[in-house]
Every structure is written in structure tokens, then in C-alpha cells.
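Okay, here's what each chain looks like letter by letter:
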Amino acid sequence: MGLVKVHAECFSCFIGQAIRSTKLYYNDRDHLLKTTTAVVRILQGIDVEQPPPLISEFVYGTIKDVLHKKDPYSFIKKKFNDIALGYVDFMEKEIEGAKDPILYAIRLALAGNIIDFGSQIESFNLQKTIDETVKNPLDVSDIKEFKEKLKKANNVVLVADNAGEIVFDMILLKTIKNIYPQKKLYVIVRGGPIINDVTIEDALYVGMNEIAEIVASSKAIPGFWPAYESGRCRQVWDSADIIISKGQGNFETLSELNDERIYFLFLIKCRVVAEYLGLKKLSKIFMKNDRRWEKQPV
């Protein structure tokens, strides 16, 4: 359907990511040029009619090859998994005392989406984001309908986004499990390392397996594309009664689908998506995939 396509800003974002990834290990001219020129060569041949996350497989694969690092962000992912785990007691106490536990858990999960090293957000303050997100209204909220559908759902799937953030998602699913213990919960993670996106190893590290079944997708892309999937991942996707799509990358891919099981939960982090939805950067979104944005092609 071609809703969110590659834009000029996406090229600068890809090149910026090459520079940031390289600077994790090297800061000299030769290494920086080697990575960026390799990415530029890849970008010359991409299909600009695709969602940006589908291009990322080739861009970040190139970055990893040039740096000779299977998972360049591995130490950052562990750092933020540990930071986020430090919030578990706080989050559980806050949710326990909330008038609407599911809404509060959604707000916390939304705050966790700020942990992103692949976006146009150059720096972030996690505590400040939590404070702002739990106190102020969401910019788009379909929470009422979501809770009604959740009551009737048997299989709940969360398509995860980033390491660190996965802890906040775990608390959301734990809240759902505490209220509806009979529901089957699943988490789909990335099929391999890409930026600071969550892999099965990251999800196991934070204990997600105690709350939900963890399923890895087949691709290392910062999004999810059901057509790529088969086996267990496809079974979980097809059997879902309700799907929580976490993060902007998953929105960029899954908004292509005509699938009203999906609810998008993310902070807007780039101009293209902001203009696409007619909102501002860092707007807080919990939105059903009902195609309301189709009149605003970008």
C-alpha cells in the first residue's frame, strides 16, 4: 500500500547511524569514511518505495561487516537492560496503586520507547520521559476500545522494539497477566542484532520468558514484516487476537497492513512520521490500526 516510504531524511538517518555506530569503537577519519562510504554505496541501489526498516537490513548489515562486529550495540543493550531493570519495583508499585492499571502500564511502556539509538532523537532522559508520560494525556489514545477487545482476546502478541525498553513492555504484559491470567501472551523479537533492537538473548536476560513465550522473527530489521515469516513466528502472528506493535519502526512496517488487530504504541521520533500523522515529534501514540492516516500520504 506504500504508506511510509523512504524519504530524503532517511538517507541522512542511515548515514548518521553509520557514523554513530563507528564512533562506538573508532573516532578517526579513515574508519568513519570506510563505514559511511560503504553505506552510501548500498543506498544507491535501494528501493525507495519500501518502508525504511526493510532497507535497514542491508544498511546495518554493511555497518556490521565493515566494523567486524556481530552486535555493535551489545554493551549498550546490556547497560540499558540493567538500567530499566532498576525501575521494576517502582513500576510495579505505581501500577498496583493506579486507578487504571492497564492504562498506567501502557504509559510506562510508552515512556520506555525513548530508549532508542537508531532514531533522530540525539539524547534522552529516561526519568524525565517517565515523569512526563505518566502525568500528561496521550496525544492519540484508543485505550477504551483496546481494553474492551482485550477482555475477549485469548492470544495477545507484543511485537517488541528495543533493549531496555523490553523491561517496560514486560511490566505491561505482567499487568495484563495479573488481571487476565488465562490469556496466552507472546513477544516477537528481532531475528538478529540490529542497532539496540531487542533480540531473544536480550528478552531472556530481563526475564521476559517468565511472563510470555518469546519468539524470534526471521530477519534482523528494526521493524516486523509478517510476509517474511514462517514456522512458529508465523503461527503466533496468525493466531493473535490482539497485537501491540511497539515502537516507530514497527509502525513504519505494520501500518502497511489492513489489520485491525494491531494497536500501535510509540513516541514519534522523526519529521516524516510526524507529518504523516499530522502530529509533532515526541507525540505519545496508542492507536488502533484503522487507517485513519490514509488521507495524509507522505
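Counting restarts for each chain, with residues numbered from 1 along the sequence as it is written. Side-chain atom pairs in this predicted model are given and counted only at pLDDT of 80 or more, local residue features only at pLDDT of at least 70, and totals for whole chains, interfaces and linings cover all residues. Each side-chain value is worked out from all heavy atoms of the structure, with water and hydrogens disregarded.

The cut-offs for exposure are 20% and 50% of the maximum accessible area for each residue type, with area from a 1.4 Å probe on protein chains only; residues under the lower value are buried, those over the upper are exposed, and the others partly exposed. What counts as a helix is a DSSP run of H or I of at least four residues, what counts as a strand is a run of E of at least two, and both are numbered from the N terminus. The buried count for strand S5 (residues 242–246) comes to 5 of 5 residues, which makes it a mostly enclosed element. The alternating pattern of S5 places Ile242, Ile244 and Lys246 and Ile243 and Ser245 on opposite faces, both of which are buried. A pair of strands is labelled paired if DSSP reports no fewer than 2 bridges between them. Across 4 bridges, the pairing between strand S2 (residues 155–159) and S5 is parallel. Paired with Leu158 across the two strands is Ile244, which belongs to S5. The crossover handedness rule: strands pointing away from the viewer, path from first strand over the helix to second strand clockwise, crossover right-handed. On the question of chirality, the crossover connecting S5 to the parallel strand S6 (residues 262–267) by way of helix H12 (residues 248–254) is right-handed.

Of note, Ser217 is situated in the loop between strand S4 (213–216) and helix H11 (231–239). A relative accessible area of 9% means that Ser217 is categorised as buried. Two N or O atoms form a polar contact when they lie within 3.5 Å of each other; inside protein one atom must be a possible hydrogen donor and the other a possible acceptor, and for residues adjacent in sequence the pair counts only when both atoms belong to side chains. Within polar-contact distance, the side chain of Ser217 engages the backbone oxygen of Lys219 at 3.3 Å. Whether two residues are in contact is decided by their heavy atoms, any of which lying within 4.5 Å being enough. The residues contacting Ser217, other than those within four sequence positions of it, are Ile188, Val189, Arg190, Gly191, Phe224, Glu229 and Cys233.

Let us look at the packing of helix H6 (residues 101–112) against helix H7 (residues 126–135). Running from N to C, H6 and H7 point in directions that differ by 145°, and their axes come no closer than 9 Å. When the axes of H6 and H7 are compared, the crossing they make is right-handed. Every residue of H7 that contacts H6 at Tyr104, Arg107, Leu108, Leu110 and Ala111 is listed here: Leu126, Thr129, Ile130, Thr133, Val134 and Lys135. Residues were grouped as follows: Ala, Val, Leu, Ile, Met, Phe, Trp, Tyr, Cys and Pro as nonpolar; Asp, Glu, Lys and Arg as charged; and all remaining residues, including Gly, as polar. Its residues placed into classes, the contact of H6 with H7 shows 7 nonpolar, 2 polar and 2 charged. Helix axes use the C-alpha atoms of the stretch in contact, all axes being lines fitted to C-alpha atoms, and the angles between their N-to-C directions lie in the range 0 to 180 degrees. Should the near helix be turned anticlockwise from the far one by less than a right angle, the crossing is left-handed, and should it be turned clockwise, the crossing is right-handed.

Turning to the nonpolar core, a few remarks are in order. Buried residues of nine kinds, namely Ala, Val, Leu, Ile, Met, Phe, Trp, Tyr and Cys, make up a nonpolar core once their side-chain atoms join them within 4.5 Å. Residues Phe146, Leu172, Leu173, Val187 and Met208 are the most contacted members of the largest nonpolar core, which totals 69 residues. Other than its neighbours up to four places away in sequence, Leu172 contacts Ile102, Ala105, Ile106, Ala109, Leu158, Ile244 and Leu265.

Quick look at the pattern of salt bridges now. Salt bridges are counted wherever a side-chain nitrogen of Lys or Arg sits within 4 Å of a carboxyl oxygen of Asp or Glu. Applying the stated criterion to the full structure yields 23 salt bridges. Linking Asp100 and Lys147 is a salt bridge whose minimum nitrogen-to-oxygen distance equals 2.5 Å. Here the residue Asp100 occupies a position in the loop between helix H5 (88–96) and H6, and Lys147 occupies one in helix H8 (residues 143–152), the gap between them amounting to 47 residues. Residue Lys147 is classed as partly exposed on the basis of its relative accessible area, which comes to 24%. Between Asp116 and Lys269 there is a salt bridge, with its nearest N and O atoms 3.0 Å apart. With Asp116 in the loop between H6 and H7 and Lys269 in the loop between S6 and helix H13 (271–277), the pair connects residues that are 153 residues apart, well separated along the chain. The pair Asp116 / Lys269 is uniform in exposure class, with both members buried. A single salt-bridge network, built from bridges that share partners, covers Glu145, Lys149, Glu260 and Lys288.

Taken in spatial order, the 7 strands make up an open sheet running S1-S7-S6-S5-S2-S3-S4, and their pairing is mixed. A strand with exactly one partner marks an edge of an open sheet, and here the two such strands are strand S1 (140–141) and S4. Bridge count between S5 and S6: 4 bridges; the pairing is parallel. The residue bridging Ser245 from the neighbouring strand is Phe264, located in S6. Sheet strands in contact with H6 are S5, S6 and strand S7 (284–288), and its direction is about 55° off that of S6.

Should the sulfur atoms of two cysteines be covalently bonded, the bond is a disulfide. Here, the term disulfide refers to a pair of cysteine sulfur atoms separated by no more than 2.5 Å. In this structure the tally under the stated criterion is 0 disulfides. Cysteine Cys13 shares no disulfide, and the gap to the nearest cysteine sulfur, in Cys10, comes to 7.0 Å. A disulfide-free cysteine, Cys270 has its sulfur positioned 6.7 Å from the sulfur of Cys10, the nearest such atom.

Limitation: the analysis is restricted to geometry and does not speak to function.
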